[in-house]
Amino acid sequence: MNNKGFTLVELISSFTLALIIMFFLFQIVIAVKEVYVSSGLKTEMLIKQANMERKIGLDLKEKVLKSVTSCGDDCYTFLYNDDTSKNLSVDRSKKVIIYGDYQIEMLDGSSIGTFSISKNTVPGVDEKKNDTILTIDIPVQNKILANRNFGVHLIYQYNSHTTDLGL
């Protein structure tokens, strides 16, 4: 009698073991792919956020802000001491944030929240020092990266005794 082959039980158990190992490997591949996609998306959203904040922040740093006025829904005009002005606006239907001639289009699955500009004056501060904080907030979220805000968040400090931004 020739006993050099495999029994049916041995073949079934080896196929079952191979299928279980392939199932777990497939789960690992799917998990790694999801991490890769979300990391790439997160990187793109952070780059867009940094570029817009840098663009607005440079103007606020290099120029003196004279006034901020509303130019419509989700639109504000920034007037600087050199008499230049730039509009900061949001177009939700196109998923675009625009500052002057610079615009950033958000990625698919992104949504732009309520655009707000506010100021907070601290009473009792010396008239020669900055006593007011201007806060610009444009929240942006993506459905894949829930609970993460990739919007514009800027804070500008100024002296309300010498500058009235009009808000």
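Scoring rules and cut-offs
- Along each chain, numbering runs from 1 in the same order as the chain's sequence is written.
- For a predicted model such as this one, the threshold for reporting local features is a pLDDT of at least 70, and the threshold for listing and counting side-chain atom pairs is 80 or more; totals across whole chains, interfaces and linings nevertheless cover every residue.
- Only hydrogens and water are removed before side-chain values are computed, so all heavy atoms of the structure are retained for them.
- When the sulfur atoms of two cysteines come within 2.5 Å, that pair is taken as a disulfide.
- The pairing criterion is simple: DSSP has to find at least two bridges between the two strands.
- Each helix is a run of DSSP H or I of at least 4 residues and each strand a run of E of at least 2, with the numbering of both proceeding from the N terminus.
- Axes here mean lines fitted to C-alpha atoms, for a helix over just the part in contact, with angles spanning 0 to 180 degrees between N-to-C directions.
- Contacts were defined at the residue level, with two residues in contact if any of their heavy atoms lie within 4.5 Å.
- Between 30 and 60 degrees the pair is tilted, below 30 it is stacked and above 60 it is edge-to-face, where a pair is any two Phe, Tyr or Trp rings, Trp via its six-membered ring, whose centres lie within 6.5 Å.
- Using a 1.4 Å probe on the protein chains alone, a residue whose accessible area is under 20% of its type maximum counts as buried, one over 50% counts as exposed, and one in between counts as partly exposed.
- Charge-over-ring placement is defined geometrically: NZ (Lys) or CZ (Arg) within 6 Å of the ring centre, and within 35 degrees of the ring normal.
- The definition of a nonpolar core used throughout is a set of buried Ala, Val, Leu, Ile, Met, Phe, Trp, Tyr and Cys residues joined through side-chain atoms within 4.5 Å.
- A helix is expected to span 1.5 Å for every residue after the first.

Trainee: Before we go on, may I ask you to explain the state of the cysteines in this structure?
Mentor: By definition, a disulfide links two cysteine residues through a covalent bond between their sulfur atoms. Inspection of the entire model under this criterion finds one disulfide. Residue Cys71 pairs covalently with Cys75 via a disulfide, S to S 1.9 Å. As the torsion about the S-S bond is roughly -80°, the Cys71-Cys75 disulfide counts as left-handed.

Trainee: Can you walk me through the sheet that holds strand β2 (residues 75–80) in this structure?
Mentor: In any sheet, the strands associate via hydrogen bonds between backbone groups, in a parallel or an antiparallel arrangement. The strand order across the open sheet built from five strands is β1-β2-β3-β4-β5, with neighbouring strands paired in antiparallel fashion. This sheet does not close on itself; its edge strands, each paired only once, are β1 (65–70) and β5 (102–105). Neighbour-to-neighbour, the strand axes of this sheet turn through a mean angle of 15°, independent of strand direction. Pairing of strand β4 (residues 96–99) with β5 involves four bridges; the strand directions are antiparallel. Each residue of the ladder has a partner; that of Val96, found in β5, is Glu105. Along the sheet, helix α1 (residues 8–62) makes contact with β1, β2, β3 (85–91), β4 and β5, crossing β5 at roughly 160°.

Trainee: Got a minute to help me understand the packing of aromatic side chains in this structure?
Mentor: In this description, a pair of aromatic rings is defined by centroid distance and the angle of the planes. Overall, the coordinates contain four aromatic pairs when judged by the stated rule. Relative to Tyr158, the ring of Tyr156 lies with its centre 6.1 Å away and its plane at 20°, an arrangement referred to as stacked. Taking relative accessible area as the criterion, Tyr156 reaches 12% and is therefore assigned buried. Above the plane of the ring of Tyr102 lies Lys55, whose end atom (NZ or CZ) is 5.1 Å from the centre.

Trainee: Before we go on, may I ask you to explain the sheet that holds strand β7 (residues 116–121) in this structure?
Mentor: One open sheet holds the three strands; their spatial order is β7-β8-β10, and the pairing between them is antiparallel. The open sheet has two free edges, formed respectively by β7 and β10 (152–158), since each of these has just one partner strand. Adjacent strand axes in the sheet meet at a mean angle of 15° when their direction is disregarded. The pairing of strand β8 (residues 132–138) with β10 spans seven bridges and is classified as antiparallel. Residue pairing in the sheet places Ile133 in a bridge with Gln157 of β10. Packing against the sheet, α1 makes contact with β8 and β10, and its axis sits at approximately 15° to β10.

Trainee: How should I be thinking about the nonpolar core in this particular structure?
Mentor: The tendency in soluble globular proteins is for nonpolar side chains to be buried as a group. If you look at the biggest cluster of nonpolar residues, it comprises 31 residues, and the most contacted ones within it are Leu65, Phe78, Leu88 and Ile97. Put simply, the parts of the chain that give this core at least two residues each are α1, β1, β2, β3, β4, β8 and β10. In terms of residue count, α1 provides more of this core than any other element does, five residues in total. In this structure Phe78 touches Leu65, Ser67, Val68, Thr84, Ser85, Lys86, Leu88, Tyr99, Ile117 and Ile136, once residues within four positions along its chain are discounted.

Trainee: Help me understand α1, please; the structure alone is not making it clear to me.
Mentor: Note: α-helices contain 3.6 residues per turn, so residues at a spacing of three or four share the same orientation. The end-to-end C-alpha distance of α1, which contains 55 residues, comes to 80 Å, matching closely the 81 Å that a straight helix rising 1.5 Å per residue would cover. Taken residue by residue, α1 has Leu41, Met45, Gln49, Met52, Glu53, Ile56, Asp59 and Leu60 as its buried positions.

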